[in-house]
Amino acid sequence: MKNNELKNRDLDVLWHPCTQMKDHETLPLIPIKKAHGIYLEDFEGNRYIDAISSWWVNMFGHTNEYINSKIKEQLDTLEHVILAGFTHEPVIRLSERLVKLTPANLDKCFYSDNGSSAVELALKMSYHAHYNDGKKKSLFVSLSNSYHGETIGALSVGDVKLYKETYEPLLIKTVQTPVPVDMSETAAVEAAQKFEELCQEKASQISALILEPLIQGAGYMHMYHAKYLVLVREICTKYDIHLIADEVMVGFGRTGELFACEKAGISPDFLILSKGLTGGYLPLSVVLTSNNIYAKFYCDYNEHKAFLHSHSYTGNALACAAANATLDIFENNNIIAKNKELAEYMSQKLQKFLQLPNVSQIRQTGMVCVVELQGYDAKERIGLKVYEYGLQHGVLLRPLGHIVYFMPPYVITKEEIDIMMDTAYEAIKNL
Ligand SMILES: *Cc1c(COP(=O)(O)O)cnc(C)c1O
């Protein structure tokens, strides 16, 4: 009853993200009453395992008692204050911790409130850093099949047709270099060589290479070898090009290490974090960069040299409190080590999918597992069928086209992994 009532009221006044709204004539919209741990619950008492961490943001479950308590504590002390000319303890503490936890030479934190706007920020900072050095480098290079968000600049460096094509006339000019075709080291070496060839031709114009380290999330969970990061890091340094690591999705343990760059032992010039940063609670993003780049902006007042960029909610205190609580949990509960066991368990379960004739490939990087389907036309909307089957059986799976993937919160148990993956298996078997 309540489910239906809310659904109708919703459709009267809301326009949902990344959705063809007409689908909701037949596809039920699901009002969620409450959530706890990995479970979402609707008004009829149906529970759904959140196998995609509510669009890749949730780390330690919904209504996590510890994070809740820290946000409540902050709420009664300071909810928000302007971050220009003023500061507060949660943002200082968070910045100190991020500088310590991230790879070397990331010394300064600049905040924003979502992944796309942090991408914009990094692009502007990169261009401006070269500008302050007297160089006009206005070209950005990204990987084929990449995704960096939906705002005009972020969309411009992205390469997923589905999101980009319509807006092409509005976008800034960028260049794509091929992503390694698969997870092999050979593919990594070949793709890096292509990037170097591009640099030989255009380095004087290129401001930065932006990439999603190891996993291209919205790019159908395409994965590649860490060797690629090692090689492009060297090439970027050689040609005076910044390396921007967009760890919006892969950051905070998704790849098995706290940050994906650690898997390659590299330091980018800019590191972008968002999604998991607040444990999936509140919008917050940050760009970390080096003291060296920071110094290029530091001088007596000169209106062209300072980074005069701001967002109203920069460094929101509640969001920083949630982020600090999230880092506490990582620190106090040995999460990265424990995740290795969960990842190993998922890896074993993943093998079974290869028995299905409509599965072409499985792949995994850390806490992200993928089952790729074959033999379907895009028009068949095969992912939607898996999605509907999942919901009927208590699991929120949200395939990207023919890619079924698992990216659960880290509080999932082995028994719950069984339910999540067995349900997907049945969904695929029944297609
Ligand atoms: C989600 C995502 C973004 C955009 O973040 P929003 O908060 O949705 O704007 C950028 N880069 C990557 C790699 C992402 O996965």
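On a predicted model such as this, the values are computed, not experimentally measured, just so you know.

### Brief notes about the pattern of salt bridges
At step 1: Summed over all chains, the structure comprises 17 salt bridges.
At step 2: Of the charged contacts, one joins aspartate 23 and arginine 381 as a salt bridge, the two residues approaching to 2.7 Å between their closest N and O atoms. Residue aspartate 23 is located in the loop between helix H1 (2–13) and strand S1 (32–36), and its partner arginine 381 is located in the loop between strand S14 (368–373) and helix H13 (382–392); the two are separated by 358 residues in the primary sequence.
At step 3: For aspartate 328, the salt bridge is made with arginine 93, and the minimal N-O distance between the two is 3.7 Å. One end of the pair, aspartate 328, is in helix H11 (residues 317–332); the other, arginine 93, is in helix H4 (residues 89–101), and 235 residues separate them in sequence.
At step 4: What makes aspartate 328 buried here is its relative accessible area of 10%.
At step 5: Exposure remark for arginine 93: the relative accessible area of 37% places this residue in the partly exposed category.

### A word on the domain arrangement of the protein
At step 1: According to the domain assignment, the protein consists of domain 1 (31–63 + 335–429) and domain 2 (68–332).
At step 2: When each unit is reduced to the centre of its C-alpha atoms, the spacing between domain 1 and domain 2 is 27 Å.
At step 3: Buried area between domain 1 and domain 2, both sides added, is near 2300 Å², and the carbon and sulfur share of it is 67%.
At step 4: Contact with domain 2 buries area across many residues of domain 1, yet Trp56, Ile336 and Thr365 alone supply 26% of it, more than any other trio.
At step 5: Where domain 1 packs against domain 2, one counts 11 residue pairs in polar contact (both at pLDDT 80 or more).
At step 6: Listing elements by their share of the side of domain 1 that touches domain 2, those giving two or more residues are helix H2 (53–56), helix H12 (335–351), strand S13 (359–365), S14 and strand S16 (403–406).
At step 7: At 4 residues, the largest contribution of residues to the side of domain 1 that touches domain 2 is made by H12.
At step 8: Across the side of domain 1 that touches domain 2, the residue classes tally to 16 nonpolar, 9 polar and 2 charged.

### Describing the packing of helix H3 (residues 65–75) against H11
At step 1: Where H3 meets H11, the closest approach of the two axes is 9 Å, and the angle between their N-to-C directions is 145°. Considering how the two elements wind past one another, H3 and H11 form a crossing that is right-handed. Where H3 abuts H11, its residues Tyr66, Ile67, Lys70, Ile71, Gln74 and Leu75 lie against Ala317, Leu318, Ala321, Ala322, Ala325, Thr326, Asp328 and Ile329.
At step 2: Taken together, the residues of the contact of H3 with H11 break down into 10 nonpolar, 2 polar and 2 charged.

### Here we look at the sheet that holds strand S5 (residues 139–143)
At step 1: Taken together, the 7 strands give an open sheet; going across it, the order is S4-S12-S11-S10-S7-S5-S6, and neighbouring strands pair in mixed fashion. The sheet is open, and its two edges are formed by strand S4 (108–112) and strand S6 (174–177), each paired on a single side. The sheet shows a mean angle of 20° between the axes of neighbouring strands, taken without regard to direction.
At step 2: Relative to strand S12 (residues 285–289), S4 runs antiparallel, the two being bridged by 5 bridges. Bridging from a neighbouring strand, cysteine 109 pairs with leucine 288 of S12.
At step 3: Contacts between H4 and the sheet are confined to S4, strand S11 (270–273) and S12, with S4 contributing the most and set at about 125° to the helix.

### Section: a nonpolar patch on the surface
At step 1: Taken together, the side chains of Ile152, Tyr167 and Leu170 present a nonpolar region at the surface, about 300 Å² in accessible area.
At step 2: Secondary-structure assignment places isoleucine 152 in helix H6 (residues 152–157).
At step 3: Isoleucine 152 sits in the partly exposed class, given a relative accessible area of 40%.

### Looking at the UniProt feature "binding site: pyridoxal 5'-phosphate" (unreviewed entry) in the protein
At step 1: UniProt records the feature "binding site: pyridoxal 5'-phosphate" (unreviewed entry) at Gly115, Ser116, Asp246, His311 and Ser312, using the numbering of this structure.
At step 2: Relative to the helices and strands, serine 116 resides in helix H5 (residues 115–132).
At step 3: Accessibility expressed as a relative area gives 15% for serine 116, which makes it buried.
At step 4: Setting aside chain neighbours within four positions, we find serine 116 in contact with His148, Gly149, Glu150, Thr151 and Ala154.
At step 5: Relative to the helices and strands, serine 312 resides in the loop between helix H10 (291–295) and H11.

Calculation criteria
- Residues numbered from 1 in each chain as written.
- Predicted model: local features only at pLDDT ≥ 70, side-chain atom pairs only at ≥ 80, totals over all residues.
- Heavy atoms only, no water.
- Salt bridge = Lys/Arg side-chain N within 4 Å of Asp/Glu carboxyl O.
- Helix = DSSP H or I, 4+ residues; strand = E, 2+ residues; numbered from the N terminus.
- Buried < 20%, exposed > 50% of the residue type's maximum accessible area, 1.4 Å probe, protein only.
- Domains from an automatic or database assignment.
- Buried area = accessible area lost by both parts, 1.4 Å probe.
- Polar contact = N/O pair within 3.5 Å; in protein donor to acceptor, adjacent residues only side chain to side chain.
- Nonpolar A, V, L, I, M, F, W, Y, C, P; charged D, E, K, R; others polar.
- Axes fitted to C-alpha atoms, helices over the stretch in contact; angles between N-to-C directions.
- Left-handed = near helix turned anticlockwise from the far one by under 90°.
- Contact = heavy atoms within 4.5 Å.
- Pairing = 2+ DSSP bridges.
- Patch = residues over 30% accessible without salt bridge, like charges linked within 9 Å, V, L, I, M, F, W, Y side chains within 5 Å.
- Areas by Shrake-Rupley, 256 points an atom, 1.4 Å probe, with all protein chains shown as cover.
- UniProt positions renumbered as here; feature names shortened; annotations may be inferred.

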